[in-house]
Amino acid sequence: MSLLQPFFQQCASAAFSISFPSHSFYVSVSKRTFISCCSSQSQTALVDAPVDSKIAERDEIRLGLPSKGRMAADTLDLLKDCQLSVKQVNPRQYVAQIPQLSNLEVWFQRPKDIVRKLLSGDLDLGIVGLDTVSEYGQGNEDLIIVHDALDYGDCRLSLAIPKYGIFENINSLRELAEMPQWTVEKPLRVATGFTYLGPKFMKEHGLKHVIFSTADGALEAAPAMGIADAILDLVSSGTTLRENNLKEIEGGVVLESQAVLVASRKALIQRKGALDTTHEILERFEAHLRALGQFTVTANMRGGSAEEVAERVLTQPSLAGLQGPTVCPVFCKRDGKVTADYYAIVICVPKKALYKSVQQLRAIGGSGVLISPLTYIFDEETPRWRELLSKLGI
Ligand SMILES: Nc1ncnc2c1ncn2[C@@H]1O[C@H](COP(=O)(O)OP(=O)(O)OP(=O)(O)O)[C@@H](O)[C@H]1O
Ligand SMILES: O=P(O)(O)OC[C@H]1O[C@H](OP(=O)(O)OP(=O)(O)O)[C@H](O)[C@@H]1O
Ligand SMILES: [Mg+2]
């Protein structure tokens, strides 16, 4: 709970603004649009327990998944692709199981509540956007990003201003900051749902006279309604900005975001089985996501020996595969004798380099090139697992 919350409750019927003198920021909040209001000064309010304090006892490990919104379906799809199907009896039931992970309980929650519940110890693991972790986690060191690139939910938190009026020739954050219009009496008015990241970004970039207001959605309307000069919101396709006559500016991206797997450090260290379960989920995610970018390529090649074929393949930069080509003899019977004039080579190639690889294979005598999708690539050890252990000091 924010330290400021009792104060907000007292003033709940009025619109008001609060200044944080050492930051030169104001946050204006109206009762109707109030979500939460915090500056970096009030952050300690969220850190309600030290990282090494004891966690609540329970047997199962809890994973929080988005209950609704644009992350929900993609998250279930990712888990399914990793052979971790979530068994939910009906969509309004908020608890579910993943049969492959017997000690794990899935809890469906709003993304921001997943982060809050990781901090309060009510969840151990969660999948949400990095923007949500950064906004509601507020740099709390109990939160650890286990996988930072789950490959969906891509968007950026970006500052946008009108294309018209006094902003017509403003195209960068520096130009915006240098506009003579912003003073103590008349600060730049920014509408945002990101009341932690917004002020932090402005402070870090030296924008002195800024005031924030907040609303739950449709922020892009605020400048045209005369409520704000700029907005700070998530952008993915850019359509909403364009349709509302707004533009992004150079240096105005606060954060690049996509879905991440996040954990409570305390839970990983203290809860029995939490680290093993995280390892298994991480391995499955890594294996699937690595495979997504690759094809298996099989081709036949005439040659005197496996080594000679391998030499030829390795002269081509796009044909090295993961650890080098697999070369196997293709046996056929000629004049009653079993011989191997051909060799089959099997390699993985990045999807982006597919056509170049096919050309290189042909150039060294490859024929009958077969391309198949790859489902998983399990490496000896995932680099992110090493990283996690080192973040945990293990
Ligand atoms: N264009 C986008 N706009 C908003 N979020 C996006 C976009 N693209 C990807 N995302 C990701 O989806 C996440 C969830 O967004 P969504 O609007 O579904 O939920 P929410 O904002 O938490 O819920 P609500 O709006 O009901 O409070 C965001 O935090 C972000 O990580
Ligand atoms: O760049 P785009 O692809 O146009 O997406 C950006 C828009 O999507 C989100 O709104 P959302 O759809 O969640 O509606 P909301 O305003 O009610 O939150 C976000 O807040 C932007 O308004
Ligand atoms: Mg939304």
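The rules behind the values
Throughout this description, residue numbers start from 1 for each chain and increase along the sequence as written. Chains and ligands are labelled sequentially in the order written, the chains with letters from A and the ligands with numbers from 1. For a predicted model such as this one, the threshold for reporting local features is a pLDDT of at least 70, and the threshold for listing and counting side-chain atom pairs is 80 or more; totals across whole chains, interfaces and linings nevertheless cover every residue. To get the side-chain values, all heavy atoms of the structure are used, and hydrogens and water are removed first. UniProt positions are given in the numbering used here, feature names are shortened, and annotations may be inferred rather than shown by experiment. Note on conventions: DSSP H or I runs of at least 4 residues are helices, E runs of at least 2 residues are strands, and numbering of each starts at the N terminus. Proximity is defined per residue: any heavy atom of the residue falling within 4 Å of a molecule or strand makes that residue near it. Polar contact is the term for a pair of N or O atoms within 3.5 Å; when the atoms are in protein, one must be able to donate a hydrogen and the other to accept it, and sequence-neighboring residues count only if both atoms are side-chain atoms. All accessible-area figures derive from a Shrake-Rupley calculation using a 1.4 Å probe, and residue coverage is judged against the displayed protein chains alone. Only protein atoms enter the 1 Å grid, on which a cavity is a set of points fitting a 1.4 Å probe that cannot get out and a pocket is an open set with protein on both sides within 12 Å along at least 5 of 7 lines, lining residues being those with an atom within 4 Å of a point. Assignment of a molecule to a cavity or pocket requires that more than half of its atoms lie within 2 Å of the corresponding grid points. Salt bridges are identified by distance alone: a Lys or Arg side-chain nitrogen within 4 Å of an Asp or Glu carboxyl oxygen. Remark: exposure states derive from per-residue accessible area (1.4 Å probe, protein chains only) relative to the maximum for the residue type, with buried under 20%, exposed over 50%, and partly exposed in between. Grid points are joined across faces, edges and corners, and a volume is the space filled by probe spheres set on the points.

Engineer: Could you give an account of the UniProt feature "domain: Histidine biosynthesis HisG C-terminal" (unreviewed entry) in the protein chain, naming the residues involved and the relevant values?
Structural biologist: Those residues carrying the UniProt feature "domain: Histidine biosynthesis HisG C-terminal" (unreviewed entry) are residues 293-375 in this numbering. Along residues 293-375 the backbone is 23% helical and 48% strand, and the end-to-end C-alpha distance reaches 10 Å.

Engineer: Before we move on, could you go through the site of ligand 2 and cite the residues and values that matter?
Structural biologist: The immediate surroundings of ligand 2 are formed by Arg-70, Gly-217, Ala-218, Glu-220, Asp-233, Leu-234, Val-235, Ser-236, Ser-237, Gly-238, Thr-239 and Thr-240. Glu-220 has a polar side-chain atom sitting 2.6 Å from an oxygen atom of ligand 2. Relative to its unbound accessible surface of 490 Å², ligand 2 loses 65% to contact with the protein. Assessed atom by atom at 2 Å from the grid points, ligand 2 resides in the largest pocket. For the shell around ligand 2, the secondary-structure elements that each account for two or more residues are strand E11 (230-235) and helix H8 (239-243). The dominant element in the shell around ligand 2, judged by the number of residues it contributes, is E11, at 3 residues.

Engineer: Break down the pattern of salt bridges for me, citing the residues and quoting the values.
Structural biologist: The final tally for this structure, using the stated rule, is 16 salt bridges. In this structure, Arg-384 and Glu-286 form a salt bridge, with 2.9 Å as the shortest nitrogen-oxygen distance. Placement of the pair is Arg-384 in helix H13 (residues 383-391) and Glu-286 in helix H10 (residues 274-292), with a sequence separation of 98 residues. With relative accessibility at 23%, the residue Arg-384 sits in the partly exposed group.

Engineer: Give a detailed account of empty space enclosed by the protein, specifying residues and quantitative values.
Structural biologist: As enumerated under the stated definition, the model contains 3 cavities of 30 Å³ or more in all. Counted as a void, the largest cavity has a volume near 50 Å³. If you trace the largest cavity, you find it lined by Glu-283, Glu-286, Ala-287, Arg-290, Ile-377, Phe-378, Asp-379, Thr-382 and Pro-383. When residues in the lining of the largest cavity are grouped by element, the largest group, 4 residues, is from H10.

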